[in-house]
Amino acid sequence: MTQSPQSAQHIVVVDDHHDIRALVGQYLEKHGYRVSLAKNGPSLRAVLAKGMPDLVVLDIMMPGEDGLTLCRDIRAAGALPVIFLTAVAEDTDRIIGLEVGADDYLVKPFNPRELLARIRSVLRRTQAGLAAPAPLSEAGVLCFGPWTLDLKRREMTGSDGVSVPLSTAEFRLLKVFLDHPGHVLSRDQLLDLTVGRRADPLDRSIDNQVSRLRRKLADDPRKAAMILTHRGGGYSLCADVRSP
């Protein structure tokens with residue numbers, strides 16, 4: 001496959017089907033990206049060993065190590081953006097994919113133009129996040145209610161000093177709430193700010209993530225909740241956000 005100039009953004013396409021990865025690779029090269037192809041986990045690791053790409057397009061259903069396992073490994077090593085390709089359209093599988101750290105997903109069969117749009121959206125969001133941190137986030141730590149969030153370690157700690165683990169999806173959602181305290185955010189807005197896409201009419205992934213985050217924040221239904229639900233499908237953070 002002919003490579004684009006080294007200055008172009010580098011995309012790795014991982015799929016065990018030769019025809020799919022070749023077609024996607026050719027389409028992305030046509031639109032100015034530098035592309036590497038990998039058929040499985042070892043092939044992907046060989047590409048990553050040569051240098052960090054800008055984004056990975058990763059098939060979920062592969063023999064040996066599947067895409068979920070590979071995404072967990074990628075997330076453990078850094079913040080490399082990942083877009084899942086999946087033949088599974090069930091909500092549960094999509095939610096799991098986002099929870100292990102994927103930035104977006106696309107269900108097969110898909111239009112290459114839609115994949116290109118998703119890639120551009122994720123890259124824009126990633127680059128914007130690196131270029132323009134929120135003023136309160138510059139110190140790397142945010143405090144809200146009895147909680148402290150270390151943005152670099154992605155670690156939430158209570159007033160008792162005990163750490164509460166957050167999945168990648170929960171961290172992203174909490175960070176969005178902390179960046180917009182007191183603002184009512186719709187499901188569409190939350191999805192756009194966390195994974196860069198609009199909600200499908202039946203997409204309940206944000207509601208599920210909010211429920212899990214509430215449990216970790218120890219929201220007591222008998223008391224005033226920290227994350228409020230608003231009629232019409234919106235949520236807001238009811239807490240002052242401050243730097244230490």
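Definitions and limits used
Residues numbered from 1 in each chain as written. Predicted model: local features only at pLDDT ≥ 70, side-chain atom pairs only at ≥ 80, totals over all residues. Heavy atoms only, no water. Helix = DSSP H or I, 4+ residues; strand = E, 2+ residues; numbered from the N terminus. Buried < 20%, exposed > 50% of the residue type's maximum accessible area, 1.4 Å probe, protein only. Contact = heavy atoms within 4.5 Å. Pairing = 2+ DSSP bridges. Axes fitted to C-alpha atoms, helices over the stretch in contact; angles between N-to-C directions. Core = buried A, V, L, I, M, F, W, Y, C linked by side-chain atoms within 4.5 Å. Salt bridge = Lys/Arg side-chain N within 4 Å of Asp/Glu carboxyl O. Parallel < 35°, antiparallel > 145°, perpendicular 65-115°, else oblique. Nonpolar A, V, L, I, M, F, W, Y, C, P; charged D, E, K, R; others polar. Right-handed = clockwise from strand over helix to strand, strands pointing away. Expected span 1.5 Å × (residues − 1).

Enquirer: So what exactly am I meant to see when it comes to the environment of Phe177 here?
Expert: Residue placement: Phe177 occurs in helix 6 (residues 168-179). Phe177 gets classed as buried once you look at its relative accessible area, which sits at 0%. In this structure, Phe177 is in contact with Leu185, Leu190, Val210, Leu213, Ile227, Tyr235, Ser236 and Leu237, ignoring residues within four places of it in sequence.

Enquirer: I would appreciate a short explanation of the sheet that holds strand 9 (residues 163-164) in the present structure.
Expert: Strands belonging to one sheet form pairs held by backbone hydrogen bonds; the direction of such a pair is parallel or antiparallel. The strand order across the open sheet formed by 5 strands is 9-8-7-6-13, and the pairing between neighbours is antiparallel. Each of the sheet's edge strands pairs with one partner strand only, and the pair in question is strand 9 and strand 13 (241-242). Sheet topology note: the strand 6 (residues 141-144)/strand 7 (residues 147-150) ladder contains 4 bridges and is antiparallel. Counted as the bridge partner of Phe144 is Trp147 from strand 7.

Enquirer: Just to check I follow, could you spell out the sheet that holds strand 5 (residues 104-107) for this structure?
Expert: Pairing within the open sheet is parallel, and its 5 strands lie in the order 2-1-3-4-5. Sheet topology places strand 2 (34-38) and strand 5 at the edges, where each strand pairs with a single neighbour. Strand-to-strand twist of the sheet, defined as the mean angle between neighbouring strand axes without regard to direction, takes the value 20 degrees. Inspection of the sheet shows strand 4 (residues 82-86) paired to strand 5 by 4 bridges, in the parallel sense. In the strand pairing of strand 5, Thr86 is matched with Val107.

Enquirer: Hey, could you run me through the nonpolar core in this one?
Expert: One recurring pattern in soluble globular proteins is that nonpolar side chains are buried together. Residues Phe144, Leu149, Met156 and Phe177 are the most contacted members of the largest nonpolar core, which totals 28 residues. When residues of this core are traced back to their parent elements, those giving at least two are strand 6, strand 7, helix 6, helix 7 (187-195), helix 8 (205-216) and strand 12 (234-237). Per element, the largest residue contribution to this core is 6 residues, and it comes from helix 6.

Enquirer: Would you explain the pattern of salt bridges in this entry?
Expert: When the charged atoms of two side chains with opposite charge come close together, those side chains can pair. All chains considered together, the criterion is met by 10 salt bridges. A salt bridge links Arg45 to Asp73, with the shortest nitrogen-to-oxygen separation between them at 2.8 Å. Note that Arg45 is positioned in helix 2 (residues 41-49) and Asp73 in helix 3 (residues 67-77), a separation of 28 residues in sequence. For Arg118, the salt bridge identified is with Glu114, shortest N-O distance 2.8 Å.

Enquirer: How should the environment of Gly161 be read in this particular structure?
Expert: Positionally, Gly161 belongs in the loop between strand 8 (155-157) and strand 9. It is 9.3 Å that separates the C-alpha atoms of Gly161 and Thr148, two residues lying 13 residues apart in sequence.

Enquirer: Help me understand the packing of helix 7 against helix 8 in this model?
Expert: For any two helices packed against each other, the geometry is given by the interaxial angle and the distance between the axes. Axis separation between helix 7 and helix 8 bottoms out at 9 Å; the angle between their running directions is 80 degrees. The orientation of helix 7 with respect to helix 8, classified from their angle, is roughly perpendicular. Residue-level inspection shows Arg187, Leu190, Leu191 and Thr194 of helix 7 in contact with helix 8, the latter providing Ser205, Ile206 and Asp207. Each residue belonging to the contact of helix 7 with helix 8 can be placed in one class, and the counts come to 3 nonpolar, 2 polar and 2 charged.

Enquirer: Would you mind showing me how to read unusual backbone geometry here?
Expert: The omega torsion across Lys108 and Pro109 is -5 degrees, close enough to zero to call that bond cis. Mapped onto the elements of the fold, Pro109 is located in the loop between strand 5 and helix 5 (112-131). A positive phi is found at Arg154, a non-glycine position, where the angle reads about 55 degrees. Inspection of the secondary structure puts Arg154 in the loop between strand 7 and strand 8.

Enquirer: Any chance you could explain the pairing of strand 3 (residues 55-59) here in plain terms?
Expert: Sheet faces and side chains relate simply in a regular strand, where the side chains alternate between the two faces. In terms of burial, strand 3 is a largely internal element, 5 of the 5 residues being buried. By the alternation rule, side chains of strand 3 split into Leu55, Val57 and Asp59 and Val56 and Leu58, which are all buried. Bridge analysis of strand 3 against strand 4 gives 4 bridges, and the strand direction is parallel. Along strand 4, the bridge assignment pairs Leu58 with Phe84. Assessed by its sense of winding, the connection that carries the chain from strand 3 through helix 3 to strand 4 is right-handed.

Enquirer: Could you clarify how one ought to interpret helix 1 (residues 18-30) in this entry?
Expert: An α-helical segment advances 3.6 residues per turn. Residues three or four places apart therefore align on the same side. Between its terminal C-alpha atoms helix 1 stretches 18 Å, which fits the 18 Å expected from 13 residues at 1.5 Å a residue. Directly beyond the C-terminal end of helix 1, a positive phi value near 95 degrees is found at Gly32.

Purely geometric numbers; function is a separate question.
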